[in-house]
Amino acid sequence: MKKIMIAALLAIVAVTAQAQKFALIDMEYILKNIPAYERANEQLNQVSKKWQAEVEALNTEAQTLYKNYQNEVVFLSQEQKKAKQEAIMQKEKEASDLKKKYFGPEGELFKKRESLMTPIQDEIYNAVKDLSDQHGYSLVLDRASDTGIIFGSPKIDISNEVLSKLGYAN
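A few points on the structure. All figures in this text were calculated on a predicted structure; none of them were measured in a lab. (Residues numbered from 1 in each chain as written. Predicted model: local features only at pLDDT ≥ 70, side-chain atom pairs only at ≥ 80, totals over all residues. Heavy atoms only, no water.)

## Some details on helix 4 (residues 78-103)
Between its first and last C-alpha atoms helix 4 spans 37 Å; for 26 residues at 1.5 Å apiece the expected length is 38 Å, and the two agree. Among the residues making up helix 4, those that are buried are Ile88, Lys91, Ala95, Leu98 and Tyr102. (Helix = DSSP H or I, 4+ residues; strand = E, 2+ residues; numbered from the N terminus. Expected span 1.5 Å × (residues − 1). Buried < 20%, exposed > 50% of the residue type's maximum accessible area, 1.4 Å probe, protein only.)

Put into structure tokens, the structure is as follows:
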């Protein structure tokens, strides 16, 4: 009886698995072929470099203050030493705070990336969803981000269809 139940269950799983359609996309390939994505990346790189330069300038100021302090430490009174040490720590804290503000988990770069990339990602998602509905795909996997995919037949790759749906001829 137990063997019959297992055999019936396997038959049901085989029939349902057979009825499902799968597709693959290559998100890296799709994004490389969308000019808006490249422009957004360039914007992010430029703003990131600008902000990094600001942080590095504050770090350089802190290092300069520290070197000057080391050179003058023997000539300074206790109050002067304390004031210089506090100035150095304040400058280091400014640099750290600015770095966190720009590059932290909820920082300006994250927000900027989200504001630039979310519309593009939403557009791709909607195109994939429309194609899935049209062709009856039960599952669409991204071969670029899923390291669990060892091989995917080019026959089921719909990346070019997604690009066409988005209006980017290949």
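## Thoughts on the packing of helix 3 (residues 35-72) against helix 4
Two elements in contact, helix 3 and helix 4, have axes whose closest approach is 9 Å; the angle formed by their N-to-C orientations is 165°. Taken together, the axis directions place helix 3 and helix 4 in an arrangement best described as roughly antiparallel. Crossing hand, helix 3 versus helix 4: left-handed. Residue classes in the contact of helix 3 with helix 4 are distributed as 13 nonpolar, four polar and nine charged. (Axes fitted to C-alpha atoms, helices over the stretch in contact; angles between N-to-C directions. Parallel < 35°, antiparallel > 145°, perpendicular 65-115°, else oblique. Left-handed = near helix turned anticlockwise from the far one by under 90°. Nonpolar A, V, L, I, M, F, W, Y, C, P; charged D, E, K, R; others polar.)

## Some points on the packing of helix 3 against helix 5 (residues 108-135)
Packed helices, taken two at a time, are described by their axes: the angle between them and the distance between them. At a minimum axis separation of 10 Å, helix 3 and helix 5 run at an interaxial angle of 175°. Classified by the angle between their axes, helix 3 and helix 5 sit roughly antiparallel to one another. The residues of helix 5 that touch helix 3, namely those facing Ala36, Tyr37, Ala40, Asn41, Gln43, Leu44, Val47, Ser48 and Trp51, are Glu108, Leu109, Lys112, Arg113, Leu116, Met117 and Ile120. (Contact = heavy atoms within 4.5 Å.)

## Let's talk about the packing of aromatic side chains
This structure, assessed with the given rule, holds two aromatic pairs. Ring centres of Trp51 and Tyr102 lie 4.5 Å apart, and the angle between their planes is 5°; this geometry places the pair in the stacked category. Note that Trp51 is positioned in helix 3 and Tyr102 in helix 4, a separation of 51 residues in sequence. Judged by its relative accessible area of 8%, Tyr102 is buried. Consider the rings of Tyr102 and Phe103, whose centres lie 6.3 Å apart with planes at 80°: the pair is edge-to-face. Members of the aromatic cluster, joined through ring pairs, are Trp51, Tyr102 and Phe103. (Phe/Tyr/Trp six-rings, centres within 6.5 Å; stacked < 30°, edge-to-face > 60°.)

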